[in-house]
Each structure stands twice: as structure tokens, then as C-alpha cells.
Amino acid sequence: MAGNSFGQAFRITTFGESHGGAVGVVIDGVTPGLEISESEIQQEMDRRKPGQSSVTTPRQEEDKVSIMAGIFEGKATGTPLFIVLYNKDARPEAYDSIKSLYRPGHADITYDKKYGIRDYRGSGRASGRETAARVAAGAVARKMLKEKGVKVVAYTLEAAGYRCKTFDESVIEQNPVRACDPDTAALMTKRIEELAEIGDSCGGIIECRITGVKAGLGEPVFDKMDAELAKAMLSLGAVKGIEFGKGFECVSMLGSEHNDWMDKNGFVSNNAGGILGGISTGQEIIFRIAVKPTSSISVPQKTIDINGNETDIVTKGRHDPCICPRIVPVVEAMVYIVLADQYKRQASMME
């Protein structure tokens, strides 16, 4: 299957299915000599793993990191880094009753139309389980960029009909929805728990702030910084939209209002979100993504089977009632992967 790789100078290829033996990633372009350990990667895996709270899937996966190649005496060799995460709590039998049905909102029907065969066990490659491999790769990219002072912070801005009114970075990892406002986080959590009780789901908005990126990063015209970030975000199955800086709000602004004026000290505003012409300005890069409601719900729905017959479907299993809390570390990982690639491409251009 094509489309399993992302990046150029720093390139990842993920593999594995939701209810198969394992998921994992092969990473090319890791800086030789980089000190990297399984425990460092594990820290990020623990942020993404299921079963963390009442607003996530109860599936229990340790996501224990196993580095199989590319490391010698604790340092990257410069050869492909091979990481495996074995599935320990797969329950494919949960899908036996609906294996001939197409779940609304899922990729069941499109995979079948494209390949003529599909893995019905939790969507196979179309499952959010695939993102575990991205988080592992993102942890490596994060380590590569640490000395450059790059920092990526993502959080739930809106979910279940509630939008954060304040921003406090210190509370993001202290509440189950990873929201930036503790009071709003409590409202989000209560509503998501209510939806989980009735077998439904909700979506939300994730905001991401990137600091420490130097000016001049980005590869026009087709590999613009914002274009690469957008591709990274839209490659996540639950993401349906993205905006940078003022985003769609710019349509109601005048050019004199939206343009970021400059003085001798630099830019006096950041409506562009830290990117102009696809190249970083040196300011904070900020974007927001729209995350759809989880497709797998136990509310009865109308669908068709593989023969086109109309029928009802109830999707059982262990699914997140809201994807926002667990997609936060995935968003951060993909940003680090994009930035690692962009920094390495810039370095090669200057050689």
C-alpha cells in the first residue's frame, strides 16, 4: 500500500494494523550520534496510550517501546531506526458481527472500493491505533530539535460544545481532556462522559503553538512550511480542517487589518500565524485543527452491507467518545517530524 511514508530528509514509514500483531515505524535521517533511549520515547507513548481516563477508550495497551535497529550503545548510528509497539490487548472478535457491514463515518467502504479487500478488525490501517507509531517517531524528532530550542505545545481549545476562555499551559496535562482552561475542562469532561454513557461521541478543536523556530524555514513553492504542516495534520484520520493565525477570520478583515506591520523591532502582530510565503517569520507559529466526532459509536445507525443491502448497525467495542485528548500528543509528534525534516533540508541546502 502506498502512502505509508512521510518526509524527505527526515522520513518515517509506519506499519501495522489496529488488531494485528504490532504497529511500528522505520525512521530515516536520524542524526548519527544522537543519544536516544526507549525510556525517552516511552514518555511520549504514555501520553497517547489508551485507558487513561473516563473520556478515553478502555482498551489497555502498554505501548511498550522496543527499538530493534539503528541504535548502538545508546546512540543513533545514522542507519534506519526501527521501532516496534506490540499489540497486547487486541480483541478482533468484537468486530465479527459487523464484518460484512460498512460503518458510517469510517473508511470501511472506501478501503473496500480501492483495494477489493479490507481488514475489518478495527479498521486495520485506518484505525487511530496507527498514530502510536507517529508518536514514537515524533519523540525522536523532538530529541533532535531540543538543542535548537524548538517547543511545541498542543491542547484542546474546544470540545463537546465548550470553548476555553483562558490559556494556562501548566494545566494542560493536569486534566483528562488536555484543555488549557481548568474550568472549561471540567465542563468538557462531564459532557463527554454523558455522551459515552449513551454511546455517542463528539469532536472539537485542537490548537497548537510552536516557538523557537528560526526565520527562513520552509521550502517554496510546493513544500511550504504551512503546506507541510497542513499535510501532516490532514493525514490524521480524524482531522477535517486546519487554519493558521487568524485563519478563516481573515475573510471579514481588511488588508490593512490583516497585514502584519513591522517596525525596527520586528513584527507588531501575528495574524499570519508565523508563516509568510510558506517560510517561517521567526514568530510563534500557531494553527488550529478541526477534529470530527469519533466514528465508532454504539448508537443505532443506517448503513449497507458489502452486497449493497440496507441494514442497521450498532458498533460495539472500545472507542474514545472524544478523540481530542489523545490526539494532542499525536499533533505535537507530527509537528516535530515536519520541523526535523525542514531543518535537515535547510541544512543540506546551505552546504
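Refer to the preceding data block for the structure.
First, a word on scope: everything that follows refers to the structure included in this document. (Residues numbered from 1 in each chain as written. Predicted model: local features only at pLDDT ≥ 70, side-chain atom pairs only at ≥ 80, totals over all residues. Heavy atoms only, no water.)

### Overview of the layout of surface pockets
For the second largest pocket, the calculated volume is near 290 Å³. Lining the second largest pocket are 14 residues, with Thr31, Met144, Leu145, Glu147 and Lys148 positioned closest to its centre. Mapped by element, the contributors of at least two residues to the lining of the second largest pocket are α3 (131-145) and α7 (324-350). Examining the composition of the lining of the second largest pocket, we find that five residues originate from one element, α7, more than from any other. In terms of residue class, the lining of the second largest pocket is built from six nonpolar, two polar and six charged. (1 Å grid on protein atoms, 1.4 Å probe; cavity = no way out; pocket = protein on both sides within 12 Å on 5 of 7 lines; lining within 4 Å. Points joined across faces, edges and corners; volume = space filled by probe spheres on them. Helix = DSSP H or I, 4+ residues; strand = E, 2+ residues; numbered from the N terminus. Nonpolar A, V, L, I, M, F, W, Y, C, P; charged D, E, K, R; others polar.)

### So, unusual backbone geometry
Val221 follows Pro220 through a cis peptide bond whose omega is 0 degrees. Note on placement: Val221 falls in the loop between β10 (204-211) and α5 (225-234). Phi is positive for Glu73, which is not a glycine, with a value near 55 degrees. Among the structural elements, Glu73 can be located in the loop between β5 (71-72) and β6 (75-76). With a phi angle near 55 degrees, Ala160 is a residue other than glycine that sits in the positive phi range. Looking at the secondary structure, you find Ala160 in the loop between β8 (151-159) and β9 (162-163).

### What about the sheet that holds β9?
Strand order in this open sheet of five strands is β9-β8-β10-β16-β11, and the pairing throughout is antiparallel. Two strands bound the open sheet, and with one partner strand each, they are β9 and β11 (239-244). As paired strands, β8 and β9 are joined by two bridges and run antiparallel to one another. Across the sheet, residue Ala159 finds its bridge partner in β9, namely Tyr162. Sheet strands in contact with α5 are β10, β11 and β16 (285-291), and its direction is about 155 degrees off that of β11. (Pairing = 2+ DSSP bridges. Contact = heavy atoms within 4.5 Å. Axes fitted to C-alpha atoms, helices over the stretch in contact; angles between N-to-C directions.)

### Some points on the nonpolar core
In this structure, Ile210 and Val331 are the most contacted members of the largest nonpolar core, which totals 81 residues. With 14 residues, the top contributor of residues to this core is α7. Residues within four places of Val331 in sequence aside, it is in contact with Ala154, Ile206, Cys208, Met233, Leu236, Phe287 and Ile289. (Core = buried A, V, L, I, M, F, W, Y, C linked by side-chain atoms within 4.5 Å. Buried < 20%, exposed > 50% of the residue type's maximum accessible area, 1.4 Å probe, protein only.)

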